[in-house]
Amino acid sequence: MISVIGVGTAGINVAEKFAGYPQYNIYKVGDVKGENKNEYQWRPDNMEPEFIEENTPDLKQFFSEVDNDIYFIIAGDSLLANATLALLEQVKDHKISVFFLHPEVKLLTAKKKLQNRAIFNVLQEYTRSGLFVSLNVINNYNFESILGSIPIKNYWDNINSTIVSSIHMMNVFRFSKPMLGKLHESQSISRIRTFGIVAMKDFEEKLFFELDNVREKRYYIGINEETLESDEGLYTKILTNISNKSEDGEIDVSYAIYPTKYDYDLAYCEHSTHFIQT
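What you see is a predicted model, and the numbers here were worked out from it, not measured in a lab.

Participant: With reference to specific residues and values, describe the overall build of the protein chain.
Facilitator: Of the regular secondary structure elements, the protein chain holds eight helices and 12 strands. Its C-alpha atoms give the protein chain a radius of gyration of 19 Å, within 12% of the compact-globule value 19 Å for 278 residues. Dimensions of the protein chain, computed from C-alpha atoms along their principal axes, come out at roughly 65 × 40 × 35 Å. Considering the protein chain as a whole, with its 278 residues, one finds that 50% of them fall into the buried category. Summed over all atoms, the accessible surface of the protein chain reaches about 14300 Å², with 48% contributed by carbon and sulfur. Taken together, the 28 basic and 39 acidic charged side chains of the protein chain have centroids lying 1 Å from each other.

Here is the structure:
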């Protein structure tokens, strides 16, 4: 099991989507009713970042039953993001993967821009030092390039569902035995990551964030069982396209192919680096 901790409104909204899968336990911190043991109501009456950080509640009892593996989800422009390090300190003995929802900086106030930059930079440094398993960066505003045109009604609901289904499917593949290929172990220093959806037709990648100086790429490829039996040129096509992703060998590229019972083929990519992002 994996415990998913959503902090702030955006973090909670993404975390709630994990509830659709039995492999996750959901914890919410922020503007919630607090009616069950996995919800902690925190509505600060002071909006100053320093106040939030200095008055972060003691949640050790609230987090006492979290799983060893934790997904911590926070948006860079969230008021409660100022408590990120104070909250993470309370679960520091666990294996933490941080999911950072990167806002549209152009639309932020000057104060929010400073907040987002400061938190993003600190999380990257802490991740590079090995305190977190990974920092997964998600561009929280450019999803029409991935999903196509999205109607305003249920806009964020569709986006959050896509984020979570992608994370979940990569987990499913990661813990399954591939039919062909093998994913390389990521270098211990390459902990800053993003992921995306890959079109099987031409292997075009639609990333949730554009990382600079990518050093590693992994491809999780799910193929319908009937297609695996009938498409004789498929493996060559996959190998050719994967090879082209290495940029003449500069990037460590690996892949794994998994049989599925879906009526369609699907693929995801994961990019990693150790370089600080701006």
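Moving on from the coordinates now.
Participant: Any chance you could break down a nonpolar patch on the surface for me, citing the residues and the numbers?
Facilitator: A contiguous nonpolar patch, built from M179, L180, Y235 and L239 and spanning about 340 Å² of accessible area, is present on the exposed surface. Relative to the elements of secondary structure, M179 occurs in the loop between α6 (155–174) and β7 (180–182).

Participant: Which residues make up the packing of aromatic side chains, and what values do they have?
Facilitator: In this structure the tally under the stated criterion is 13 aromatic pairs. Considering the side-chain rings of Y24 and Y71, the 6.5 Å spacing of their centres and the 35° angle between planes classify their relative orientation as tilted. Placement of Y24 in strand β2 (residues 24–30) and of Y71 in strand β4 (residues 69–75) is noted, with a sequence separation of 47 residues between them. By the burial criterion, Y24 is buried, and Y71 matches it. Judged by centre distance (5.0 Å) and plane angle (10°), the rings of F100 and F120 are stacked. Of this pair, F100 sits in strand β5 (residues 95–102) while F120 sits in helix α4 (residues 110–128), placing them 20 residues apart in sequence. Three or more aromatic residues joined by ring pairs make a cluster, and in this case those are F18, Y21, Y24, Y71 and F99.

Participant: Tell me about the side chain of E39, residues and numbers included.
Facilitator: Its place among the elements puts E39 in strand β3 (residues 39–41). Separated by 3.4 Å, the side chain of E39 and the backbone nitrogen of E35 make a polar contact. Those residues in contact with E39 that sit more than four places away from it in its chain are K28, V32, K33, G34 and F62.

Participant: Explain the environment of H102 to me, and be specific about the residues and the numbers.
Facilitator: Topologically, H102 is positioned in strand β5. Considered as a pair, H102 and G76 are 26 residues apart in the sequence and their alpha carbons are 5.7 Å apart.

Participant: Describe the nonpolar core, listing the residues and the values that go with them.
Facilitator: If you look at the biggest cluster of nonpolar residues, it comprises 48 residues, and the most contacted ones within it are F72 and I221. If we ignore the near neighbours within four places in the chain, the residues touching F72 are I5, V7, T84, L87, L88, I96, S97, V98 and F99. Counting 29 residues, the second-largest nonpolar core is a separate cluster that includes A15, Y24, I26 and I163.

Participant: Lay out the pattern of salt bridges in plain terms, naming residues and giving numbers.
Facilitator: Under the defined criterion, the tally for this structure stands at 13 salt bridges. R218 is the salt-bridge partner of E270, the closest N and O atoms lying 3.4 Å from each other. Of the two residues, E270 sits in strand β12 (residues 266–273) while R218 sits in strand β10 (residues 216–224), which places them 52 residues apart along the sequence. By relative accessible area, R218 is classed as buried at 13%. Look at the salt bridges and you will find they share partners, linking E16, K28 and E39 into a network.

Participant: Describe in detail the pairing of β10, supporting the description with residues and values.
Facilitator: The buried fraction of β10 is high, at nine of nine residues. Residue alternation in β10 divides its side chains into two sets, E216, R218, Y220, G222 and N224 and K217, Y219, I221 and I223, and both sets are buried. Where β10 lies against β12, seven bridges are found, and the strand directions are antiparallel. Within the sheet, the bridge partner assigned to Y219 lies in β12 and is C269.

Participant: An account of the pairing of β4 is requested, with residue identities and associated values reported.
Facilitator: Side-chain direction in a regular strand flips from residue to residue, so the side chains alternate between the two faces of the sheet. In terms of residue burial, β4 counts as a mostly covered element, since six of its seven residues are buried. Bridging between strand β1 (residues 2–7) and β4 involves five bridges; their strand directions are parallel. Along β4, the bridge assignment pairs G6 with I73. Summarising the sheet, β4 and β5 pair through seven bridges and their orientation is parallel. Bridge assignment links I70 to a residue of β5, and that residue is I96. Once the chain exits β4 it traverses helix α3 (residues 84–89) before rejoining the sheet at β5, and the crossover so formed is right-handed.

Quick notes on the rules
Residues numbered from 1 in each chain as written. Predicted model: local features only at pLDDT ≥ 70, side-chain atom pairs only at ≥ 80, totals over all residues. Heavy atoms only, no water. Helix = DSSP H or I, 4+ residues; strand = E, 2+ residues; numbered from the N terminus. Rg over C-alpha atoms; globule rule 2.2 N^0.38 Å. Buried < 20%, exposed > 50% of the residue type's maximum accessible area, 1.4 Å probe, protein only. Areas by Shrake-Rupley, 256 points an atom, 1.4 Å probe, with all protein chains shown as cover. Lys, Arg positive; Asp, Glu negative; His and termini not counted. Charge placed at Lys NZ, Arg CZ, Asp CG, Glu CD. Patch = residues over 30% accessible without salt bridge, like charges linked within 9 Å, V, L, I, M, F, W, Y side chains within 5 Å. Salt bridge = Lys/Arg side-chain N within 4 Å of Asp/Glu carboxyl O. Phe/Tyr/Trp six-rings, centres within 6.5 Å; stacked < 30°, edge-to-face > 60°. Polar contact = N/O pair within 3.5 Å; in protein donor to acceptor, adjacent residues only side chain to side chain. Contact = heavy atoms within 4.5 Å. Core = buried A, V, L, I, M, F, W, Y, C linked by side-chain atoms within 4.5 Å. Pairing = 2+ DSSP bridges. Right-handed = clockwise from strand over helix to strand, strands pointing away.

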